[in-house]
Amino acid sequence: MPEIMEAMASGRLKPDNDILSGSGDVKVTKAAIEPVWWLPGIAERFGVKEVDLRRTLFEQTGGMYTELVTRPDLEIFLPPIGGSTIYFFGDVSKLGNAETKIACRLHDECNGSDVFGSDICTCRPYLAHGIEICIEMAQKGGVGVVIYNRKEGRALGEVTKFLVYNARKRQPGGDSAAQYFNRTECVAGVQDMRFQELMPDVFHWLGISRIDRFASMSNMKSDALRGQGIEIVEQVPIPEDLIPADAQVEMDAKKAAGYFTQSKPTADLTKPKGRGLDE
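Not measured: the values here are computed from a predicted model. (Residues numbered from 1 in each chain as written. Predicted model: local features only at pLDDT ≥ 70, side-chain atom pairs only at ≥ 80, totals over all residues. Heavy atoms only, no water.)

(A) Representation of the sheet that holds strand E4 (residues 84-89) within the structure. Read from one edge of the open sheet, 6 strands run E1-E4-E6-E5-E7-E8, paired in mixed fashion. If you trace the sheet from one side to the other, it starts and ends with strand E1 (29-33) and strand E8 (231-235), each paired once. With strand direction ignored, the average angle separating the axes of adjacent strands in the sheet is 25°. As defined by bridge partners, strand E5 (residues 102-108) adjoins strand E7 (residues 210-214) across 2 bridges and the pair is classed as parallel. Across the sheet, residue Cys104 finds its bridge partner in E7, namely Phe214. With respect to the sheet, helix H11 (residues 219-227) is in contact with E5, E7 and E8, its orientation differing from that of E8 by roughly 150°. (Pairing = 2+ DSSP bridges. Helix = DSSP H or I, 4+ residues; strand = E, 2+ residues; numbered from the N terminus. Axes fitted to C-alpha atoms, helices over the stretch in contact; angles between N-to-C directions. Contact = heavy atoms within 4.5 Å.)

(B) Local environment of the pairing of E5. Across the 7 residues that make up E5, a large majority, 7, are buried. When E5 meets strand E6 (residues 143-149), the two strands line up parallel, connected through 7 bridges. Of the residues in E6, the one forming a bridge with Arg105 is Val146. (Buried < 20%, exposed > 50% of the residue type's maximum accessible area, 1.4 Å probe, protein only.)

(C) Structural view of H11. Where H11 is concerned, the buried positions are Lys221, Ser222, Ala224 and Leu225. The arc enclosing the buried residues of H11, seen along the axis, measures out at 160°, which places them on a common side. Looking one or two residues beyond H11, the residue adopting positive phi is Gly229, at roughly 85°. (Arc of directions from axis to C-beta.)

(D) Local environment of the packing of aromatic side chains. Per the counting criterion, the structure on display carries 5 aromatic pairs. Their ring planes at 45° and their centres at 6.1 Å tell us that Phe162 and Tyr165 sit as a pair that is tilted. With Phe162 and Tyr165 both in helix H8 (residues 158-170) and 3 residues apart, this pair spans about one turn of that helix. For Phe162, a relative accessible area of 39% puts it in the partly exposed group. Three or more aromatic residues link up through ring pairs in this structure, and these residues are Trp37, Tyr65 and Phe77. (Phe/Tyr/Trp six-rings, centres within 6.5 Å; stacked < 30°, edge-to-face > 60°.)

(E) Here's a closer look at the nonpolar core. By size, the foremost hydrophobic cluster in this structure holds 25 residues, and its most contacted members are Ile4, Leu13, Phe89, Ile131 and Ile135. Secondary-structure elements contributing two or more residues to this core are helix H1 (2-10), helix H6 (123-139) and E6. The residues contacting Ile4, other than those within four sequence positions of it, are Leu13, Leu20, Gly24, Val26, Ile131 and Ile135. The next biggest cluster of nonpolar side chains, apart from the first, holds 20 residues, and it includes Ile86, Cys104, Leu206 and Ala224. (Core = buried A, V, L, I, M, F, W, Y, C linked by side-chain atoms within 4.5 Å.)

(F) Main features of the layout of surface pockets. Estimated volume of the largest pocket: approximately 1,300 Å³. Size it by volume and the second largest pocket reaches roughly 340 Å³. What lines the second largest pocket is a set of 15 residues, among which Met1, Tyr87, Phe89, Leu127 and Ile131 lie closest to the centre. Those elements giving two or more residues to the lining of the second largest pocket turn out to be E4, helix H5 (111-115), H6 and E6. (1 Å grid on protein atoms, 1.4 Å probe; cavity = no way out; pocket = protein on both sides within 12 Å on 5 of 7 lines; lining within 4 Å. Points joined across faces, edges and corners; volume = space filled by probe spheres on them.)

(G) Region of the structure containing H1. Of all the residues in H1, the buried ones are Glu3, Ile4, Ala7 and Met8. Across the axial projection of H1, the buried residues extend over an arc of 145°, all falling on one side. Turned more than 90 degrees off the buried face of H1, the exposed positions are Glu6 and Ala9.

(H) Main features of empty space enclosed by the protein. The full count for this structure, using the stated rule, is 1 cavity of 30 Å³ or more. One number sums up the size of the largest cavity: a volume of about 490 Å³. Considering each element in turn, the lining of the largest cavity owes the most residues, 5 residues, to H8. Of the residues belonging to the lining of the largest cavity, the class tally is 12 nonpolar, 7 polar and 12 charged. (Nonpolar A, V, L, I, M, F, W, Y, C, P; charged D, E, K, R; others polar.)

(I) Examining the side chain of Gln196 more closely. Secondary-structure assignment places Gln196 in the loop between helix H9 (180-188) and helix H10 (201-206). There is a polar contact of 3.1 Å between the side chain of Gln196 and the side chain of Lys151. Aside from chain neighbours lying at most four places away, what touches Gln196 is Asp108, Lys151, Met220, Lys221 and Ala224. (Polar contact = N/O pair within 3.5 Å; in protein donor to acceptor, adjacent residues only side chain to side chain.)

Don't take any of this as a statement about function, it's just geometry.
Here it is in structure tokens:
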């Protein structure tokens, strides 16, 4: 990643020829997880009857899975949702050891930014920053963990996300933080479709009960983790100098909405900050 080379050039990262080479290559261990639901257990966690859970899943998936209602003996369900890719930095065998310090970036995918470098959001810069602190932690003898979840566009899908971007740029008065969440709700009907209550399962599976450095501003993610007994020692916001100018709209809106920040937001949310449609 060019961001790793930039971090090395600035002196924030130093190659050790083990975790990080002088050419910018990073040694990682990669794993993939697909969600598998044991329906009796899921129903118990949600506080509903299993028959009601099955009927709701059947209806909300357009009747694709008839076995949900016709085969109560089948207790395992493979939900039609994205899985996760995990990148480990450092010695994976240290996971589960209470003395091991953990750095983590819990990232929901963003094709436009992560892959193509769109600067309307902070997704790729935050991912790169998360990788940076994971490398640092691994070099200090701990373990870095990047969990990449397939939840494109707040789980609304890439097409819907681009429709929201288009609406933001075309709205009267320009792209402003005051209308950031409203534009999503106008297009998609909701502000966010991500369901974080099951997200901590991967941490339990990995044996992680404490995150020493958590690279995230999301209150939904941190609340879900703490709600399931996972301690967050330090929550790390994205450094200001890594925020693209066009993404300042997103940052101001999220800070005002209660996302984690080390300073009280003072920005005028009504003032357009994003680029104009023709810029």
